[in-house]
Amino acid sequence: AFSHITYKRVHKMLPILSIKDACVGLLSLNLASKMWMTIKWRVLHTNKKLGKPVSAVADWKLVPELVNNTNEAYAREHGTQLNESEYTPVFVAMLGLMHAVNADPGQAPGMMLYSSLAYTAASAFAGFPFYVPAAIWRYGAFALGLKKIFEAKNF
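Here we summarise the structure given alongside this text. (Residues numbered from 1 in each chain as written. Predicted model: local features only at pLDDT ≥ 70, side-chain atom pairs only at ≥ 80, totals over all residues. Heavy atoms only, no water.)

**Some remarks on the overall build of the protein chain**
Turning to step 1, where the next piece is worked out: For the protein chain, the count of helices and strands is 6 helices and 0 strands.
Turning to step 2, where the next piece is worked out: When the helices and strands of the protein chain are placed in sequence order, the string is α-α-α-α-α-α.
Turning to step 3, where the next piece is worked out: Relative to a compact globule of 155 residues, whose C-alpha radius of gyration would be 15 Å, the protein chain shows 19 Å and is clearly more extended.
Turning to step 4, where the next piece is worked out: Residues classed as buried in the protein chain amount to 38% of the 155 residues present.
Turning to step 5, where the next piece is worked out: Considering only contacts in the protein chain between residues 6 or more positions apart, those separated by 24 or more positions represent 66%.
Turning to step 6, where the next piece is worked out: Summing over all exposed atoms, the protein chain offers an accessible surface of approximately 9,300 Å²; the carbon and sulfur share of this is 67%.
Turning to step 7, where the next piece is worked out: Side chains of the protein chain give 16 positive and 9 negative charges; the mean places of these two sets differ by 5 Å. (Helix = DSSP H or I, 4+ residues; strand = E, 2+ residues; numbered from the N terminus. Rg over C-alpha atoms; globule rule 2.2 N^0.38 Å. Buried < 20%, exposed > 50% of the residue type's maximum accessible area, 1.4 Å probe, protein only. Contact = heavy atoms within 4.5 Å. Areas by Shrake-Rupley, 256 points an atom, 1.4 Å probe, with all protein chains shown as cover. Lys, Arg positive; Asp, Glu negative; His and termini not counted. Charge placed at Lys NZ, Arg CZ, Asp CG, Glu CD.)

**So, unusual backbone geometry**
Turning to step 1, where the next piece is worked out: Cis rather than trans, the peptide bond between F128 and P129 has omega equal to 5°.
Turning to step 2, where the next piece is worked out: Within the secondary structure layout, P129 lies in the loop between α5 (108–125) and α6 (132–151).
Turning to step 3, where the next piece is worked out: A positive phi angle is found at N69, which is not glycine, with a value near 60°.
Turning to step 4, where the next piece is worked out: Looking at the secondary structure, you find N69 in the loop between α3 (64–67) and α4 (72–100).
Turning to step 5, where the next piece is worked out: Positive phi values are uncommon outside glycine, yet N102 reaches one of about 55°.
Turning to step 6, where the next piece is worked out: Topologically, N102 is positioned in the loop between α4 and α5.

**Details of the packing of helix α2 (residues 19–50) against α4**
Helices that pack against each other are described as a pair by the angle of their axes relative to one another and the distance between those axes.
Turning to step 1, where the next piece is worked out: Orientation of α2 relative to α4, taken along the N-to-C sense of each, is 160°, at an axis distance of 9 Å. Classified by the interaxial angle, the pair formed by α2 and α4 is roughly antiparallel. Considering the relative orientation of α2 and α4, their crossing is left-handed.
Turning to step 2, where the next piece is worked out: Partitioning the contact of α2 with α4 into residue classes produces 15 nonpolar, 7 polar and 5 charged. (Axes fitted to C-alpha atoms, helices over the stretch in contact; angles between N-to-C directions. Parallel < 35°, antiparallel > 145°, perpendicular 65-115°, else oblique. Left-handed = near helix turned anticlockwise from the far one by under 90°. Nonpolar A, V, L, I, M, F, W, Y, C, P; charged D, E, K, R; others polar.)

**A short note on the pattern of salt bridges**
Opposite charge on two side chains permits pairing when their charged atoms draw close.
Turning to step 1, where the next piece is worked out: The full count for this structure, using the stated rule, is 4 salt bridges.
Turning to step 2, where the next piece is worked out: The partner of K49 in a salt bridge is E65, and the shortest N-O contact between them spans 3.8 Å. Of this pair, K49 sits in helix α2 while E65 is found in helix α3, placing the two residues 16 residues apart along the sequence.
Turning to step 3, where the next piece is worked out: Two residues, E151 and K147, come together in a salt bridge whose shortest N-O distance is 2.5 Å. Of this pair, E151 and K147 are both found in helix α6, 4 residues apart, which corresponds to roughly one turn of the helix.
Turning to step 4, where the next piece is worked out: Given a relative accessible area of 45%, E151 falls into the partly exposed group.
Turning to step 5, where the next piece is worked out: You can call K147 partly exposed: its relative accessible area is 44%. (Salt bridge = Lys/Arg side-chain N within 4 Å of Asp/Glu carboxyl O.)

**Brief notes about the environment of G106**
Turning to step 1, where the next piece is worked out: Note on placement: G106 falls in the loop between α4 and α5.
Turning to step 2, where the next piece is worked out: For G106, a relative accessible area of 23% gives the class partly exposed.
Turning to step 3, where the next piece is worked out: Counting along the chain gives 23 residues from G106 to P129, while the straight-line C-alpha distance between them is 30 Å.
Turning to step 4, where the next piece is worked out: Among all residues touching G106, those that are not within four sequence positions of it are I16, L17 and K148.

**Section: α2**
Turning to step 1, where the next piece is worked out: The terminal C-alpha atoms of α2 lie 44 Å apart, and with 32 residues this matches the ideal 46 Å at 1.5 Å per residue to within 8%.
Turning to step 2, where the next piece is worked out: Just downstream of α2, G51 is the residue with a positive phi angle, here 70°. (Expected span 1.5 Å × (residues − 1).)

**Concerning the packing of aromatic side chains**
Turning to step 1, where the next piece is worked out: Inspection of the entire model under this criterion finds 7 aromatic pairs.
Turning to step 2, where the next piece is worked out: Taking the centre distance of 5.3 Å and the plane angle of 75° together, the rings of W41 and Y74 count as edge-to-face. Residue W41 is located in helix α2, and its partner Y74 is located in helix α4; the two are separated by 33 residues in the primary sequence. Neither W41 nor Y74 differs from the other in exposure class; each is buried.
Turning to step 3, where the next piece is worked out: In this structure an aromatic cluster arises from ring pairing among Y87, F91 and F142.
Turning to step 4, where the next piece is worked out: We note R138 situated over the ring of Y87; from NZ or CZ to the ring centre the distance is 4.1 Å. (Phe/Tyr/Trp six-rings, centres within 6.5 Å; stacked < 30°, edge-to-face > 60°. Lys NZ or Arg CZ within 6 Å of the ring centre and 35° of its normal.)

Here you go:
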């Protein structure tokens, strides 16, 4: 009875997503992570360090802690954004292939998006070891996506 209740709660919290919804979510997350780095670090932080107004266009390469990755928060968030930029195209390509071969995606699209959201949040704001469960969940989403593609009858 307990596992049934837990399943129902998780299912309501994390609904199964369509391929389209997962693609839009993944691409939105990718855009948000890129905008975060630009606004927070390359505009606000850089202008503050260089003594310029927020509206100024400053060269972030003039801030040694950004160029050398010595600011701990910047290094963590930069690494997270790079990781997100690696996973998004792979997941979107997998989802596109699932659609092209008319695969039954099942929970793969949702797992791809939810694990990416969890990883990005945990990695950017908490760091190691807090992102490890989400990273493992992401590997599972990757494997499930491959499985769904290879199970497709049109492949």
